[in-house]
Structures are given as C-alpha cells and as structure tokens.
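# Commentary on secondary and tertiary structure
Letter by letter, the chains look like this.
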Amino acid sequence: MRARMRVLLLVLAATVFVSNAQTNNSSNDNKQQQQQQQQQQQERSIWDESIKFTTKTKDSCTMVVSGAGDYTRLRVSCKGPSQGQTPGRSYYCDFQGKPNLCRAYNLNPRHYFTQMMWELRKLSHACQGPKVYRTQMCKKYPDEAQMTFLASWPKTTTPKPSKPVQEPRKPVVPAQTKPVTTPKPVKPQPQQPVKPQPGKGPQTRKTTPKPGKTTTRPTEQPDSKASRIASEYCWKSFQGICTYVISWFQN
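To start, this report covers the structure provided alongside it. (Residues numbered from 1 in each chain as written. Predicted model: local features only at pLDDT ≥ 70, side-chain atom pairs only at ≥ 80, totals over all residues. Heavy atoms only, no water.)

On the surface, Trp235, Phe238, Ile241, Tyr244, Val245, Trp248 and Phe249 cluster together into a nonpolar patch covering about 930 Å² of accessible area. By the element assignment, Val245 lies in helix α5 (residues 239-250). (Patch = residues over 30% accessible without salt bridge, like charges linked within 9 Å, V, L, I, M, F, W, Y side chains within 5 Å. Areas by Shrake-Rupley, 256 points an atom, 1.4 Å probe, with all protein chains shown as cover. Salt bridge = Lys/Arg side-chain N within 4 Å of Asp/Glu carboxyl O. Helix = DSSP H or I, 4+ residues; strand = E, 2+ residues; numbered from the N terminus.)

Listed below in structure tokens is the structure:
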C-alpha cells in the first residue's frame, strides 16, 4: 500500500510540473505575440499616418514612412505657397536607413521621426539639409542606424564658379624718358629801401658779417693820437693847446 501511495504522489507531482511548464510557456508566447502585435501596430501607425510640418519659408511638407526590405524608407514631400497666379514650388526627397538597430526606436518609432521633423522644419528647403540625420534618441548609434539622404527631385546642384576670362596681355612699352631741363638763372633784384612808417622810429636791420673776410683797421691819425696823449697828461682846460703842440711835434 505504501509503495502504491508513493507512485501516485510522484505521478501527481509530475503532472503538476508539466502543467506549470505549459502555462509558463504559453504565457511567454502570449507576451511575445503581444509585443509583436504592438510593434506591428506602431509600424502601421507610422506608415499609415503621415507627419506634417511647415518649413522656415512656409512650405507645407509631409513625411511618409515605408518599408523596403531590411531598410526603412522616408519620403518628404513639400509644396510652397503660391504667389499670385503662379503656383508654389513642389519638391520631394527620399531618405533610407536601419533605425530598428536603435533600441529606443523600437520602443517609440514615431517619436524618432518626430525628432527628425524638428530639424527639417528649421530649413528654408526641406531637401537641402544634412546628408545624415542623427536624432537625439539614437545619436550614439552608427550611420547605418540613421536616416541617410538618398535622392531628391528636382535635383539640387550647386553651380560651379565660372573661371575669369583672361585678357590677352599687351606688350609692355618702355616709358620714354623726358630730357632734363636745367633751370634758368634768376637775376637778383635790387632791394628797395623800406620806408619808415609814421609814428615809428627807423628800423635798423641787423647785418651779420660774412665769415672768412678779414677787415684791416686804418692806422690811427696823428690828431687822434695827440688828443689821446693830451687827455692823459694835460689838464682839461689845456688839452686843446696840448693836442696842437703834440701833433706839431709828431709832424
């Protein structure tokens, strides 16, 4: 009896273990299915619902996401405002990448393209931005996980700068030297005497003697020498007579 009871308990334990394992497996399968369904719904919401924005120059643009094999493709279509009777400009551009390599993209893919839209609306032309867009949520991932520029219409090409046309060089003609003309000698004009102005005394000009010339003093006359000797040796009242006498002796 005891052996039979042990066998029954072992059978019951095995069945309970198997049932628990089946329930766990089924719950895991259900979770995986739910995650796949959520991801598919998110992808459908991105691919079905477009993202709209306006550029800096008031161009109305639309972002549409689609799948191309392992890649995710994005098309940005824009149309500018009409000016009077002339319709506005129309253009589009395509981007391609593998943003599903980014973990944050798989959690919220629509926000990935919303962050990209924030950069596109800062431009004057939505298709003339950077070649690779790095969103904030997947900034650390390589270029393969980013949306890269593919093509655009109409094609935007930057014109090459035109080369300046070189003019033919003219032969250099040596400059003719003009003959040196010697200035004619200027005749010295006689200086006119300056008339004294009324009320003012005569103005005397200071003349500086020219260097290099020696002036010879005239010999003293006997009368001046006699008067000098008379002023030294005679009284003042007799100087005239002394001068006459001394000059008479000298002659």
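Moving on, we get to the state of the cysteines. In total, this model carries three disulfides according to the counting rule given. Between the sulfur atoms of Cys61 and its disulfide mate Cys78 the distance is 2.0 Å. For the disulfide bridge between Cys61 and Cys78, the dihedral angle about the S-S bond is near 115°, and by the sign convention the bridge is right-handed. With a gap of 17 residues between them, Cys61 in strand β2 (residues 60-68) and Cys78 in strand β3 (residues 71-79) connect regions that are remote in the sequence. For the pair Cys61 and Cys78, a shared accessibility class is recorded, and that class is buried. For Cys93, the disulfide goes to Cys127, at an S-S distance of 2.2 Å. Between Cys93 and Cys127, the S-S torsion sits near -85°, and that sign places the bridge as left-handed. Residue Cys93 is found in strand β4 (residues 90-97), and its partner Cys127 is found in the loop between α3 (109-120) and β5 (132-133); the two are separated by 34 residues along the sequence. Note on Cys93: relative accessible area 0%, which makes it buried. A relative accessible area of 7% means that Cys127 is categorised as buried. (Disulfide = S-S within 2.5 Å. Buried < 20%, exposed > 50% of the residue type's maximum accessible area, 1.4 Å probe, protein only.)

With that out of the way, let us pick up the side chain of Gln96. Residue placement: Gln96 occurs in strand β4. Ignoring anything within four residues of it in the chain, the contact list for Gln96 reads Tyr71, Thr72, Arg73, Gln146, Met147, Thr148 and Leu150. (Contact = heavy atoms within 4.5 Å.)

Attention now goes to α3. Helix length check: α3, at 12 residues, gives a terminal C-alpha distance of 17 Å against a target of 16 Å (1.5 Å per residue), a fit within 8%. For α3, the full list of buried residues reads Pro109, Tyr112, Phe113, Thr114, Gln115, Met116, Met117 and Leu120. (Expected span 1.5 Å × (residues − 1).)

Strands belonging to one sheet form pairs held by backbone hydrogen bonds; the direction of such a pair is parallel or antiparallel. Ordered by their spatial adjacency, six strands build an open sheet running β1-β2-β3-β4-β6-β5, and the pairing between neighbours is antiparallel. Each edge of the open sheet carries a strand with a single partner, namely β1 (51-54) and β5. As defined by bridge partners, β2 adjoins β3 across nine bridges and the pair is classed as antiparallel. Within β3, the residue paired with Gly67 across the bridge is Thr72. The sheet contacts of α3 involve β1, β2, β3, β4, β5 and β6 (147-153), and relative to β1 the element is tilted by about 15°. (Pairing = 2+ DSSP bridges. Axes fitted to C-alpha atoms, helices over the stretch in contact; angles between N-to-C directions.)

What follows deals with the pairing of β1. The alternating pattern of β1 places Ile51 and Phe53 on a buried face, while none of Lys52 and Thr54, on the opposite face, is buried. Strand direction decides the pairing type here: β1 and β2, joined by four bridges, are antiparallel. Along β2, the bridge assignment pairs Ile51 with Met63. Between β1 and the antiparallel strand that follows it, β2, lie five residues; Lys58 among them carries a positive phi value of about 65°.

Within this structure, the stated rule accounts for seven aromatic pairs. Ring centres 5.8 Å apart and planes at 75° place the aromatic pair Phe95 and Phe149 in the edge-to-face group. Here Phe95 is found in strand β4, whereas its partner Phe149 is found in strand β6, with 54 residues between them in sequence. Of the residues examined, Phe95 reaches a relative accessible area of 1% and is grouped as buried. Ring geometry for Tyr105 and Tyr112: centres 5.3 Å apart, planes at 85°, overall edge-to-face. Tyr112 matches Tyr105 in its accessibility class, with the two residues each being buried. An aromatic cluster is built from Phe95, Tyr133 and Phe149, whose rings are joined through pairwise contacts. Over the ring of Tyr71 we find Lys98; its NZ or CZ atom is 4.9 Å from the centre of that ring. We note Lys131 situated over the ring of Phe149; from NZ or CZ to the ring centre the distance is 4.2 Å. (Phe/Tyr/Trp six-rings, centres within 6.5 Å; stacked < 30°, edge-to-face > 60°. Lys NZ or Arg CZ within 6 Å of the ring centre and 35° of its normal.)

What follows covers the environment of Cys138. Along the chain, Cys138 turns up in the loop between β5 and β6. Given a relative accessible area of 0%, Cys138 falls into the buried group. The sequence separation of Cys138 and Cys102 amounts to 36 residues, and the corresponding C-alpha distance is 6.0 Å.

So yeah, pure geometry; function would need other evidence.
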